[in-house]
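Working through the structure, step by step
The chain contents come next:
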Amino acid sequence: MKKTAAVIFGGQSSEHVVSCMSAVNVISQIDREKYNLLLIGITEEGRWLYVDNEEAVADGSWKESGVCAHLSPDAVEKCVYIVKADSVEKVPVDLAFPVLHGKWGEDGTIQGLFEMAQIPYVGCGVLASAVSMDKFYTKLIADSVGVRQAAWEPVLGSELKDMDAVVERIEKRFAYPVFIKPSNAGSSRGVSKAADRQSLIDGLREAALHDTKILVEETIVGHEIECAVFGGGSEEVKASGVGEILAAADFYDLRRNTTTPSLKPS
Ligand SMILES: Nc1ncnc2c1ncn2[C@@H]1O[C@H](COP(=O)(O)OP(=O)(O)O)[C@@H](O)[C@H]1O
Ligand SMILES: [Mg+2]
């Protein structure tokens, strides 16, 4: 019997648009012989909408759906309620695929909801998601297990009141150019590269719009590669092919990249 996969996309983070792009790709790759799809789009305001056709994901018209879809946290029910004007339909789901980026999507929050509902889901669990979403904590953990990484200086948004002191601290530690990024964001939202003092100040102000915690990093020169790792815990660890990120601009920015990063299996 076919399983029902709830594919959840959109979301309330600054990466809403990127998630919608990802959803189009994911939906096109799911094996329909094995899965029925239940599409749920989360608006930027946080409303969960039932999406009754795939084309609506690509053209953005899903936001006009007047039908809400509520994932129940009830572990016995394991279902989504589709709330129409005059009826409520209960759809049992076998698994959830959160194609969400950023806050409330990749940071352990929605994963917590799936855990409560005891619905299997695609991707990392609560702890790994939470730690990996917040670059401060990723850095602390990577440091503690000896993973080499770009040297970094933490800056709190509240410290920007005394911008001169922050700039002095950064300039003492690093030569330009430096990278500035919010601790919690992705798809290069709020990330900038500063080659001089004024762009450092502008970059810090920009990053502060996204998060209260900011990182300033030394620039690493070289090829940028990515590799997904699956499993762990009691499961065998598998690694994907390694892909090289080919940046369309000065550095990688998903929204500006015109081509998909080339994923060349190693
Ligand atoms: N320290 C760095 N040195 C060189 N390039 C960097 C550095 N930090 C970020 N970048 C560039 O900026 C992009 C976005 O930064 P990243 O830390 O990956 O943030 P995000 O979580 O938004 O993907 C990277 O893919 C890379 O191209
Ligand atoms: Mg990145």
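Throughout this description, residue numbers start from 1 for each chain and increase along the sequence as written. Each chain takes a letter, starting from A, and each ligand takes a number, starting from 1, following the order in which they are written. Two thresholds apply to this predicted model, a pLDDT of at least 70 for residue-level local features and 80 or more for giving and counting side-chain atom pairs, whereas whole-chain, interface and lining totals are computed over all residues. Values reported for side chains reflect all heavy atoms of the structure, with hydrogen atoms and water molecules removed beforehand.

1. So, the domain arrangement of the protein chain
Per the domain assignment, the segments making up the protein chain are domain 1 (3-133), domain 2 (135-218) and domain 3 (222-266). Start and end points for every domain follow an automatic or database-based domain assignment. Distance between the C-alpha centres of domain 1 and domain 3: 24 Å.

2. Regarding the pairing of strand β1 (residues 3-10)
Among the 8 residues that make up β1, 7 are buried, leaving the element largely enclosed by the rest of the structure. Here, a strand pair is defined by DSSP locating no fewer than two bridges between the strands. Helical segments are the DSSP runs of H or I of at least four residues, strand segments are the runs of E of at least two, and each set is numbered from the N terminus. As paired strands, β1 and strand β2 (residues 35-42) are joined by 8 bridges and run parallel to one another. Across the sheet, the residue bridging to K3 is Y35, located in β2. A clockwise path from the first strand over the helix to the second, with the strands pointing away from the viewer, defines a right-handed crossover. Remark: the β1/helix α1 (residues 16-29)/β2 crossover connection has right-handed handedness. As paired elements, β1 and strand β7 (residues 95-100) share 6 bridges and run parallel to each other. Looking at the pairing, I8 lines up with P98 of β7. With a 1.4 Å probe rolled over the protein chains alone, any residue whose accessible area is under 20% of its type maximum counts as buried; one over 50% counts as exposed, and the rest are partly exposed.

3. Comments concerning the site of ligand 1
Each residue is tested against the molecule or strand, and it is near if at least one of its non-hydrogen atoms lies within 4 Å. Residues in close proximity to ligand 1 total 16 residues, the closest being K135, K181, S188, E217 and E224. Any N or O atom pair separated by 3.5 Å or less is treated as a polar contact, with the protein-specific requirement of one donor-capable and one acceptor-capable atom, and with residues adjacent in sequence counted only for side-chain atom pairs. Measuring from an oxygen atom of ligand 1, one finds a backbone N or O atom of S187 at 3.3 Å. A distance of 2.9 Å separates a nitrogen atom of ligand 1 from a polar atom in the backbone of I220. The Shrake-Rupley method, run with a 1.4 Å probe sphere, supplies the accessible areas, and residue values consider only the shown protein chains as cover. In the complex, 79% of the free accessible area of ligand 1, which totals 540 Å², lies under the protein chains. Sorting the residues of the shell around ligand 1 by element identifies β9 (178-182) and β11 (213-218) as the ones contributing at least two each.

4. Some points on α1
For α1, with 14 residues, the first-to-last C-alpha span of 20 Å sits near the 20 Å given by 1.5 Å per residue. Buried residues along α1 sit against β1, β2, α2 (55-59) and β7. Expected span of a helix, by definition, is 1.5 Å for each gap between consecutive residues, and there is one gap fewer than residues. In what follows, a contact means two residues having at least one pair of non-hydrogen atoms within 4.5 Å.

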